[in-house]
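Observations on the model geometry
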Amino acid sequence: MTSAQKKLLANGLFIVGGIAILGVLFNAPPETTKPLPHDPNHERFMTMDKKEAEQFCAHCHAAGKQAQLSATHPPPNRCLFCHKRK
């Protein structure tokens with residue numbers, strides 16, 4: 001195989017790989033995680049650093065609190081990783 005053929009094969013594989021990646025991305029399911037509500041309870045967290053804001057989540061969302069998480073909720077250690085701010 002000549003050098004030109006190797007380059008052509010490499011370029012072709014790169015293009016096919018790029019198209020495959022785009023195909024996967026365009027067919028990804030829609031985001032289903034609820035965003036952080038933009039209401040008076042959450043207003044102060046909209047401008048805070050994520051790590052700083054996450055320290056306050058358990059004040060309302062821990063077991064026995066006013067907005068307890070469901071039993072199927074993943075471990076609540078990185079709330080703003082999934083729940084995006086609007």
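The following refers to the structure shown. (Residues numbered from 1 in each chain as written. Predicted model: local features only at pLDDT ≥ 70, side-chain atom pairs only at ≥ 80, totals over all residues. Heavy atoms only, no water.)

1. Observations regarding the overall build of the protein chain
- Summing up its helical and strand segments, the protein chain has four helices and zero strands in all.
- Its helices and strands in sequence order give the protein chain the pattern α-α-α-α, from N to C terminus.
- For 86 residues, the compact-globule estimate of 2.2 N^0.38 gives 12 Å, and the protein chain exceeds it by more than 25% at 22 Å.
- Along the longest, intermediate and shortest principal axes, the C-alpha atoms of the protein chain span 70 × 30 × 20 Å.
- The contacts of the protein chain with a sequence gap of at least 6 include a subset with a gap of at least 24, amounting to 52%. (Helix = DSSP H or I, 4+ residues; strand = E, 2+ residues; numbered from the N terminus. Rg over C-alpha atoms; globule rule 2.2 N^0.38 Å. Contact = heavy atoms within 4.5 Å.)

2. Some points on the pattern of salt bridges
- Applying the stated criterion across every chain, the model contains one salt bridge.
- Among the ionic pairs, Glu54 bridges to Arg78, the shortest N-O distance being 3.3 Å. With a gap of 24 residues between them, Glu54 in helix H2 (residues 50–54) and Arg78 in the loop between helix H3 (58–61) and helix H4 (79–82) connect regions that are remote in the sequence.
- Given a relative accessible area of 35%, Arg78 falls into the partly exposed group. (Salt bridge = Lys/Arg side-chain N within 4 Å of Asp/Glu carboxyl O. Buried < 20%, exposed > 50% of the residue type's maximum accessible area, 1.4 Å probe, protein only.)

3. Structural notes on the side chain of Glu54
- A relative accessible area of 12% means that Glu54 is categorised as buried.
- Of the polar contacts made by the side chain of Glu54, one reaches the backbone nitrogen of Leu80; its length is 2.8 Å.
- With residues up to four places along the chain from it excluded, the contact list for Glu54 reads Asn77, Arg78, Cys79, Leu80 and Phe81. (Polar contact = N/O pair within 3.5 Å; in protein donor to acceptor, adjacent residues only side chain to side chain.)

4. Remarks on the packing of aromatic side chains
- Counted by the stated rule, this structure contains one aromatic pair.
- Here Phe45 and Phe56 contribute two aromatic rings whose centre-to-centre distance is 5.7 Å and whose plane-to-plane angle is 35°, an arrangement assigned as tilted. Taken as a pair, Phe45 in the loop between helix H1 (3–26) and H2 and Phe56 in the loop between H2 and H3 lie far apart in primary sequence, 11 residues in all.
- With relative accessibility at 24%, the residue Phe56 sits in the partly exposed group.
- A cation over an aromatic ring shows up here: Arg44 above the ring of Phe56, its NZ or CZ 4.8 Å from the ring centre.
- Of note, Lys84 hangs over the ring of Phe81, and the distance from its end group to the ring centre comes to 5.6 Å. (Phe/Tyr/Trp six-rings, centres within 6.5 Å; stacked < 30°, edge-to-face > 60°. Lys NZ or Arg CZ within 6 Å of the ring centre and 35° of its normal.)

5. As for the side chain of His42
- Tracing the sequence through the fold places His42 in the loop between H1 and H2.
- His42 gets classed as buried once you look at its relative accessible area, which sits at 14%.
- Among the polar contacts made by the side chain of His42, one reaches the side chain of Asp39 at a distance of 2.8 Å.
- Once residues lying within four places of it in the same chain are set aside, the contact partners of His42 are Leu36, Pro37 and His61.

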